[in-house]
Amino acid sequence: MRSDWSRQSGIRVWSAVILVFLLTACPGPKPPSPEPSASPSPAITPTPTPTPTPLPETFIPYSRMETAKLFNGVEIHSKVTTVEGAPAVVERKTPDAYTLELDVQVRVPQAAQSLEQLSAADPLIGSLLPGLNDELPSSKVSDFYHGLYQLKVDAVNRTLARLDQIVSRHNFFDCNTILELQDPKTNRKALLIQSDMDVNADGSDADRSSDVNGSTTNFQPFTSYRWPKKTSKVSQFIPEREDKLKQLQSEFDAKTTTPERKKVLKDQMDQTQRELSDLKKYSFLIAKADPYVVLPGFMFRQSSHPFQPKLGDCVVVIYQGILYPALLGDVGPSYKIGEASLRICSQLDPRSNAYNRPASDLNITYIVFPGSAEEPPGPPDLQKLHDRCSTLLNEIGGYSGDLWTWEDILSRPSSSPSPSPSSSPSPSPSPSPSGSSSPQGTTSYRLDKVMRFVTFIGCEAADLLLRCM
């Protein structure tokens, strides 16, 4: 009798469990969603008929001025003026009946020469170079400065027919001064240049590195400063030029190629062949590793100039109280100034890259020491460069502040960090659809809760619960 009662009680308990599970796991039917009530259509207001602009009854003279700015920073003042002329059959054949008068007005800046004017660009320059107090009174604004701005004006004149290619405001006003300094005691000469700083990402040297990023726009694996290769390592930029030479030769040999096109191809083949020869014969500076500065090409062609710079000369770059040793390593466009290797630019601003300059203001000072290049040329010895620049600075009155010491990152041993021991973390519970963190398997989770609830209240209570249901 007891066993029958127990069996019946067990049946009732399991019935209660199943019933509770069904009630918790299966939601009831959703009430029908109410049908949206139709909103009344808005009243349509008729579009008023615009009042026509009165037509002129006779010729009316017109004159209007506008001001705009091109993307390169050039401000344009335009004026349209009309006068009454002859019939169109006549004016159509008259050249000056429809003209554009382009009058470019440019203020060529005066070179900074006094300590006060130099300090306007860099307030620390006087304290960093104490010898300027003695040298500036006898300094001279260099012919290089006047030649640079003359070349800028010539460049503007050449591009007047293409306003989209005209020299930008940034590049026109990129030089605050070029001064010729000479110490009265040591007779050491120096060019003091104040400018901004663009990024140069060029150069390659298979002897020292086979991992040079050449994907940036206008990248060239060469720099003007070069030296004979010391190993048989092949440049990573040779295969692509060999492929290009084959493609040019194939097009040149095709029977359908016109004589005019063959002339262009011949020039391209000659240029590619020269590049291949240089890559096989020479090594160059590497922008990401070597600190070097770029100067306009015309400055290297003044052979009789007493302050003529030469490739390999020592340069000190001054920015925000720190002096950086560098080499004069490359030649740039003749109408622009202010450019340095990626190594220097990244030190001044870690965000620098081929498309992002470290300084747009004219707050960079370059001290170029003409005649300081050492022979023969070769890969930079950064410690020797540091000591040489220190000596040169002392020969123009000394310096204060920190003279930066470059690390030779190409000779740094490559070491891959060993992986730290890691323990396998226990998997985190997957989020439930509602966003709460619950164990996987919602159905089994609910059944487990019901069973624990039944165990807690006991069989008699479960039977009572079943009867009430």
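Residues numbered from 1 in each chain as written. Predicted model: local features only at pLDDT ≥ 70, side-chain atom pairs only at ≥ 80, totals over all residues. Heavy atoms only, no water.

### Notes on the packing of aromatic side chains
- In this structure the tally under the stated criterion is 10 aromatic pairs.
- A centroid spacing of 5.7 Å and a plane angle of 70° characterise the contact between Tyr149 and Phe172, whose relative ring orientation is edge-to-face. With Tyr149 in helix H6 (residues 143-158) and Phe172 in helix H7 (residues 169-172), this pair connects stretches of sequence that are 23 residues apart.
- The exposure class of Phe172 is buried, given its relative accessible area of 5%.
- Here the aromatic residues Tyr145, Tyr149, Phe172 and Phe173 are joined through ring pairs into a cluster of three or more.
- When the ring centre of Phe307 is taken as origin, the NZ or CZ atom of Lys189, which lies over that ring, is 5.4 Å away.
- Sitting over the ring of Tyr282, Arg226 keeps its end group 5.3 Å from the ring centre. (Phe/Tyr/Trp six-rings, centres within 6.5 Å; stacked < 30°, edge-to-face > 60°. Helix = DSSP H or I, 4+ residues; strand = E, 2+ residues; numbered from the N terminus. Buried < 20%, exposed > 50% of the residue type's maximum accessible area, 1.4 Å probe, protein only. Lys NZ or Arg CZ within 6 Å of the ring centre and 35° of its normal.)

### Remarks on the pattern of salt bridges
- Per the stated rule, a full pass over the model turns up 15 salt bridges.
- Here Glu395 makes a salt bridge to Arg188, at a shortest N to O gap of 2.8 Å. Placement of Glu395 in the loop between helix H11 (382-394) and strand S13 (402-403) and of Arg188 in the loop between strand S4 (175-182) and strand S5 (189-200) is noted, with a sequence separation of 207 residues between them.
- For Glu240, the salt bridge is made with Arg241, and the minimal N-O distance between the two is 3.5 Å.
- Residue Arg241 is classed as buried on the basis of its relative accessible area of 9%.
- What emerges from the salt-bridge pattern is a single network uniting Asp205, Arg208 and Asp290. (Salt bridge = Lys/Arg side-chain N within 4 Å of Asp/Glu carboxyl O.)

### Considering the nonpolar core
- Of all hydrophobic cores here, the largest spans 70 residues; its most connected members are Met197, Val317, Ile344, Ile367 and Phe369.
- Setting aside anything within four residues of it in sequence, one finds Ile344 in contact with Met197, Pro291, Tyr292, Val293, Val317, Ala326 and Trp406.
- Phe222, Leu245, Met269 and Ala289 belong to the second largest nonpolar core, which has 14 residues in total. (Core = buried A, V, L, I, M, F, W, Y, C linked by side-chain atoms within 4.5 Å. Contact = heavy atoms within 4.5 Å.)

### Some details on the confidence of the model for the protein
- Confidence along the protein averages 84 in pLDDT terms, with 78% of residues attaining 70 or more.
- Taken together, the stretch residues 415-469 has pLDDT below 50 and engages in 30 contacts with residues farther than four places along the chain or on a different chain. (pLDDT = per-residue confidence, 0-100.)

### Section: the side chain of Gln194
- Positionally, Gln194 belongs in strand S5.
- Of the polar contacts made by the side chain of Gln194, one reaches the backbone oxygen of Leu118; its length is 3.1 Å.
- Apart from residues lying up to four places away in sequence, Gln194 is in contact with Leu118, Ala121, Asp122, Asp174, Cys175, Asn176, Thr177, Leu362, Ile364 and Thr365. (Polar contact = N/O pair within 3.5 Å; in protein donor to acceptor, adjacent residues only side chain to side chain.)

### Examining the pairing of strand S9 (residues 314-319)
- Of all the 6 residues making up S9, 6 are buried; the element is thus mostly covered by neighbouring parts of the structure.
- Taking every second residue as pointing to the same face, both faces of S9 are buried, with Cys314, Val316 and Ile318 on one and Val315, Val317 and Tyr319 on the other.
- Alignment of S9 against strand S10 (residues 322-332), held across 6 bridges, turns out to be antiparallel. Note that in S10 the partner of Val316 across the bridge is Pro325.
- Across 5 bridges, S9 lies against strand S12 (residues 359-369) in antiparallel orientation. Residue pairing across strands places Val317 opposite Tyr366, the latter belonging to S12. (Pairing = 2+ DSSP bridges.)

### Topic: helix H9 (residues 259-281)
- Its 23 residues give H9 an end-to-end C-alpha distance of 33 Å, which sits within 8% of 33 Å, the value for a rise of 1.5 Å per residue.
- Where H9 is concerned, the buried positions are Leu265, Met269, Thr272, Glu275, Leu276 and Leu279. (Expected span 1.5 Å × (residues − 1).)

### Focus: the layout of surface pockets
- Looking at the largest pocket, its volume works out to about 1,400 Å³.
- Along the wall of the largest pocket there are 34 residues; nearest its centre are His77, Ser78, Glu101, Leu102 and Asp103.
- Secondary structure elements with two or more residues in the lining of the largest pocket: strand S2 (75-82) and H7.
- For the lining of the largest pocket, the element with the most residues is S2, which contributes 8 residues.
- Considering only residue class, the lining of the largest pocket consists of 17 nonpolar, 9 polar and 8 charged.
- What the second largest pocket holds in volume is close to 560 Å³.
- Looking at side-chain class alone, the lining of the second largest pocket contains 10 nonpolar, 11 polar and 5 charged residues. (1 Å grid on protein atoms, 1.4 Å probe; cavity = no way out; pocket = protein on both sides within 12 Å on 5 of 7 lines; lining within 4 Å. Points joined across faces, edges and corners; volume = space filled by probe spheres on them. Nonpolar A, V, L, I, M, F, W, Y, C, P; charged D, E, K, R; others polar.)

### Thoughts on the environment of Gln110
- Within the secondary structure, Gln110 is located in the loop between helix H2 (88-91) and helix H3 (115-121).
- Taking the C-alpha atoms as reference, Gln110 lies 10.0 Å from Cys175; in sequence the two are 65 residues apart.
- When neighbours within four sequence positions are excluded, Gln110 is seen to be in contact with Tyr145 and Asn176.

### Re unusual backbone geometry
- In this model, Glu375 is joined to Pro376 through a cis peptide bond whose omega is -5°.
- As for its position among the elements, Pro376 is in the loop between S12 and H11.
- Despite not being glycine, Asn218 shows a phi value in the positive range, around 65°.
- Its place among the elements puts Asn218 in the loop between S5 and strand S6 (226-228).
- Despite not being glycine, Gln320 shows a phi value in the positive range, around 50°.
- Summarising the element assignment, Gln320 is placed in the loop between S9 and S10.

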